[in-house]
Amino acid sequence: MTAIIVCPLAAIAETAVRHKAREMVSLIAEKQDFHRPGVIAADRHLKLAMNDIGFAGTGDLIAPSEAHVESLIAFVRDWDQSAPIVIHCWMGVSRSPAAAVIAALSLHPEEDDFALAARLRGVAPHATPNTRLIEIGDRLLGRNGRLIAAIKGIGRGAETDGRASFILPLKISR
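Cut-off values and rules
- Residues numbered from 1 in each chain as written.
- Predicted model: local features only at pLDDT ≥ 70, side-chain atom pairs only at ≥ 80, totals over all residues.
- Heavy atoms only, no water.
- Helix = DSSP H or I, 4+ residues; strand = E, 2+ residues; numbered from the N terminus.
- Rg over C-alpha atoms; globule rule 2.2 N^0.38 Å.
- Contact = heavy atoms within 4.5 Å.
- Areas by Shrake-Rupley, 256 points an atom, 1.4 Å probe, with all protein chains shown as cover.
- Core = buried A, V, L, I, M, F, W, Y, C linked by side-chain atoms within 4.5 Å.
- Buried < 20%, exposed > 50% of the residue type's maximum accessible area, 1.4 Å probe, protein only.
- Arc of directions from axis to C-beta.
- Pairing = 2+ DSSP bridges.
- Axes fitted to C-alpha atoms, helices over the stretch in contact; angles between N-to-C directions.
- Expected span 1.5 Å × (residues − 1).

## Let's talk about the overall build of the chain
- Scanning the chain for helices and strands turns up six helices and five strands.
- Ordering the α and β elements of the chain from the N terminus gives β-α-β-β-α-β-α-α-α-α-β.
- Computed over its C-alpha atoms, the radius of gyration of the chain comes to 15 Å, within 12% of the 16 Å expected for a compact globule of 174 residues.
- Residue pairs at least 24 apart in sequence account for 72% of intrachain contacts in the chain once pairs closer than 6 positions are excluded.
- For the chain, the accessible surface area stands at approximately 8,300 Å², while carbon and sulfur atoms represent 54% of it.

As structure tokens, then:
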């Protein structure tokens, strides 16, 4: 099954190996150091340096930007989908769920935003997608506010200890 697998940083190696992933997206603070799992080739690993914040201008923190989302969309559209892709951030709660939704819509623009948000909530009760990423994704993907409304509609996720991974299946084209 082709899918997007979201996990926290602490689980990237085990997740990539278990699901036989060959691509990975990291949405992590600029100075956060970690080792890329050996099963992920360097050229199939997109690192997006950003903090989990909702607006720019907060000291030395890096807010998600249009350039980050453009890179994400381009990377995902280049994914051959023969194996799952891993998307992670520090805890797998905010940045990576937002990126997973943007990735899914990048590949399947015909998908209904509200159905996708409901599917996200179903597989990830803890997900609270980063609002800045969602707003930028909505604009760049031409969703005309539908993605923003859909994510607002599922509300804040449940509390979590940061160890919750999930699989977001991609819409199957018929």
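There's plenty left to go through after this.
## Some remarks on the nonpolar core
- Core analysis: the largest hydrophobic core is formed by 41 residues, its most contacted members being Ile4, Val25, Leu27, Ile87, Leu120 and Ile151.
- Take this core: its biggest share by element is nine residues, from helix α3 (residues 95-107).

## Things to note about helix α1 (residues 12-19)
- Along α1, the positions that sit buried rather than exposed are Ile12, Thr15, Ala16 and His19. For α1, the buried positions fall inside an angular range of 95° around the axis, keeping them on one side.
- Looking at the packing, one finds that the buried side of α1 touches β1 (3-8), β2 (23-28), β4 (85-89) and β5 (166-169).

## Remarks on the sheet that holds β2
- Spatially, the five strands line up as an open sheet ordered β3-β2-β4-β1-β5, and their pairing is mixed. Because the sheet does not close on itself, it has two edges, and the strands there are β3 (45-49) and β5. Going across the sheet, the axis of each strand differs from the next one's by a mean of 20°, ignoring polarity.
- α1 rests against β1, β2, β4 and β5 of the sheet, and its axis sits at about 155° to β1.

## Notes on α3
- The end-to-end C-alpha distance of α3, which contains 13 residues, comes to 18 Å, matching closely the 18 Å that a straight helix rising 1.5 Å per residue would cover.
- With 13 of 13 residues buried, α3 is to be regarded as a mostly interior element.

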